[in-house]
Amino acid sequence: MKSLKTYIAACLAAAAPIYSFAQQPSSGDTIIVDRVVAVVGNKPVLESAVEAQFFQAKARNVQMTKCKIYEDMLYQKLLVSQADVDSLTVSEKEVDAEIQSRLQGFIDQLGGLEKVEEYFNKPLGEIKEDLRDVTEDQLLAQKERGQITGDIKISPSEVNNFFRKLPKDSLPLIDLQIEMNQIVFYPEISKKDIEAVKKRLLDIREDVLKNGALFETKAILYSEDPGSAASGGELGMMSRNDLVPEFSAAAFQLKKDSISDVVKSDFGYHIIQMIDRKGERINVRHILMKPKYTPEARAKSKQLADSVYSVLKDGKLAFEDAAKIFSQDDKTRKNGGLMVNNANGTTKFSVEEIYPTNYYNIKNLKPGEFTRPFETYDDKGAAVYKIIMVKSKVDPHVAALETDYQVIQDMALDKKYREAYDKWIAEKSKSTYIKISSDYKKCPFEYDGWLHTELKR
């Protein structure tokens, strides 16, 4: 919890005003609240931002000095300053999407939207606005880095040469890596169950519109969205890009305080109430309900899974072919059930990246072996039955070119990136105004040009 709070503090500190400021207490004494400790171009570095990131590092037991944090900030401000020169921009949609992603991390770690609002002591909409400027700067810095490294490529011969020159004690340790294929079976939801959920939502809608019941109270009592139910179903200010298409289309048609008809999405069925709209961003409440699988539907799905398992066990059908025929997961079915790791875009998973129930069932399997059907959940939280085959399994080991070419290639490419960054800093710092606070002039900077270029424009 402590590391999360310091991370949030760092975000907000970086978003503070771009000038030194003070408060005048009644006694007449001046209390310095914050001050600028560097200027790069017209971009300031605030002391509060350095301090916040320093305490964040300490909370995570990361060995990082204030000087290192300070230099990292100089570099980011130089990137943002040059992004202005290069006329790079980020759209409101990009900023909104990044803010939403970060807030979701806060929500997950603090235990809900209500806890986040309680921590900040302000509603979600205001929290988002506080994060807007710093998020925009960080996205601009990313774009400028892309300008620096966008044309850099690396050849197989360069990778081989890089690997041969690496000291043995510099080779990374590769964790257990597993590739998996899956066959997924969803219990069928009857029309009767779907209609029952729709009726419950429509009854709630009528109670709010005709009887004056509070939508937020109904959300707390009945919504099955764990991220918003506790806060009365409120989602906070969001853009179209933050919402799934069906939900977005319905929500943006609403007027203040009006409530939608029942809306279907991949998550279930919703009713939506408009709270406020500012241009292309809205704040709404919603109530989510999901039709429940009946015991009969679960039994039927399990029976189908058992039948497919028998076919696989008898060797009558290859696993990949069975996945193409029987799997009900559209994301993996066409690829023979091969699972893709959304975190890195590859087909390899570490143990920490595998859903616990799935790993429990495959942990003792060898490549080519598969599980019996077992009950687990999909990425939307829906109950499913799965058969999983271990396609490959590589035990923990020191990286080798034959088995870990991608890892070695990434290391070699990263070295070329660093060389390009160093060259870029040396060039741009000569033509950019840089002012370093006397407090930090004795820092052992990795790039000593920060001091040499002071006062240059």
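Treat the numbers as computed from the prediction; the structure is a model and nothing was measured.

**Student:** Please clarify how the overall build of the chain should be interpreted in this entry.
**Tutor:** Within the chain, the regular secondary structure consists of 15 helices and 14 strands. With the C-alpha coordinates aligned to their principal axes, the bounding extent of the chain is approximately 75 × 70 × 35 Å. Each of the 457 residues in the chain was classed as buried or not, and the buried ones make up 44%. Sequence separation of 24 or more characterises 66% of the internal contacts of the chain that already satisfy a separation of 6 or more. As presented, the chain carries roughly 25,100 Å² of accessible surface, and 51% of it is formed by carbon and sulfur atoms. On the chain, the mean spot of the 67 positive side-chain charges and the mean spot of the 70 negative ones are 2 Å from each other.

**Student:** Hey, could you run me through the packing of helix H8 (residues 191-211) against helix H9 (residues 215-222) in this one?
**Tutor:** When two helices pack together, their arrangement is given by the angle between the helix axes and by the axis-to-axis distance. Here H8 crosses H9 at 150°, and the two axes come no closer than 10 Å. Taken together, H8 and H9 sit at an angle that is classed as roughly antiparallel. Helix-helix and strand crossings are classified by hand; for H8 and H9 the assignment is right-handed. Listed contacts from H9 to Arg200, Ile204, Asp207 and Val208 of H8 are Phe215, Lys218 and Tyr222.

**Student:** Can you help me understand the nonpolar core in this one?
**Tutor:** Soluble globular proteins tend to pack their nonpolar side chains together in the buried interior. Counting 57 residues, the largest nonpolar core has Val50, Tyr70 and Trp450 as the members making the most contacts within it. At nine residues, the largest contribution of residues to this core is made by helix H3 (residues 66-85). Every residue in contact with Val50, bar those within four places of it in the chain, is listed here: Val37, Val45, Lys66, Ile69, Tyr70, Met73 and Tyr440.

**Student:** What am I meant to see in the state of the cysteines here?
**Tutor:** Each disulfide consists of one covalent bond between the sulfur atoms belonging to two cysteines. Tallied over the full model, the rule gives one disulfide. The disulfide that involves Cys67 links it to Cys443, with 2.0 Å between the sulfurs. Here the disulfide of Cys67 and Cys443 is left-handed, its torsion about the S-S bond being about -70°. On the criterion of sequence distance, the pair formed by Cys67 in helix H3 and Cys443 in the loop between strand S14 (434-436) and helix H15 (449-452) is long-range, its members being 376 residues apart.

**Student:** Where do I start with unusual backbone geometry in this structure?
**Tutor:** The bulk of non-glycine residues show a negative phi, and the bulk of peptide bonds are trans. Even without being glycine, Ser87 reaches a positive phi, approximately 60°. Accessibility expressed as a relative area gives 60% for Ser87, which makes it exposed.

**Student:** Would you mind going over the sheet that holds strand S8 (residues 263-265) with me for this structure?
**Tutor:** The pairing of strands in a sheet comes from backbone hydrogen bonds and takes either a parallel or an antiparallel form. The four strands are arranged S7-S10-S9-S8 in an open sheet whose pairing can be described as antiparallel. Each having just a single partner strand, strand S7 (238-239) and S8 make up the two edges of the open sheet. With nine bridges connecting them, strand S9 (residues 268-278) and strand S10 (residues 281-289) associate as antiparallel partners. Bridge assignment links Tyr269 to a residue of S10, and that residue is Met289. Along the sheet, H8 makes contact with S9 and S10, crossing S9 at roughly 35°.

Conventions used here
- Residues numbered from 1 in each chain as written.
- Predicted model: local features only at pLDDT ≥ 70, side-chain atom pairs only at ≥ 80, totals over all residues.
- Heavy atoms only, no water.
- Helix = DSSP H or I, 4+ residues; strand = E, 2+ residues; numbered from the N terminus.
- Buried < 20%, exposed > 50% of the residue type's maximum accessible area, 1.4 Å probe, protein only.
- Contact = heavy atoms within 4.5 Å.
- Areas by Shrake-Rupley, 256 points an atom, 1.4 Å probe, with all protein chains shown as cover.
- Lys, Arg positive; Asp, Glu negative; His and termini not counted.
- Charge placed at Lys NZ, Arg CZ, Asp CG, Glu CD.
- Axes fitted to C-alpha atoms, helices over the stretch in contact; angles between N-to-C directions.
- Parallel < 35°, antiparallel > 145°, perpendicular 65-115°, else oblique.
- Left-handed = near helix turned anticlockwise from the far one by under 90°.
- Core = buried A, V, L, I, M, F, W, Y, C linked by side-chain atoms within 4.5 Å.
- Disulfide = S-S within 2.5 Å.
- Pairing = 2+ DSSP bridges.

Note that all results are geometric; they support no functional claim without further evidence.
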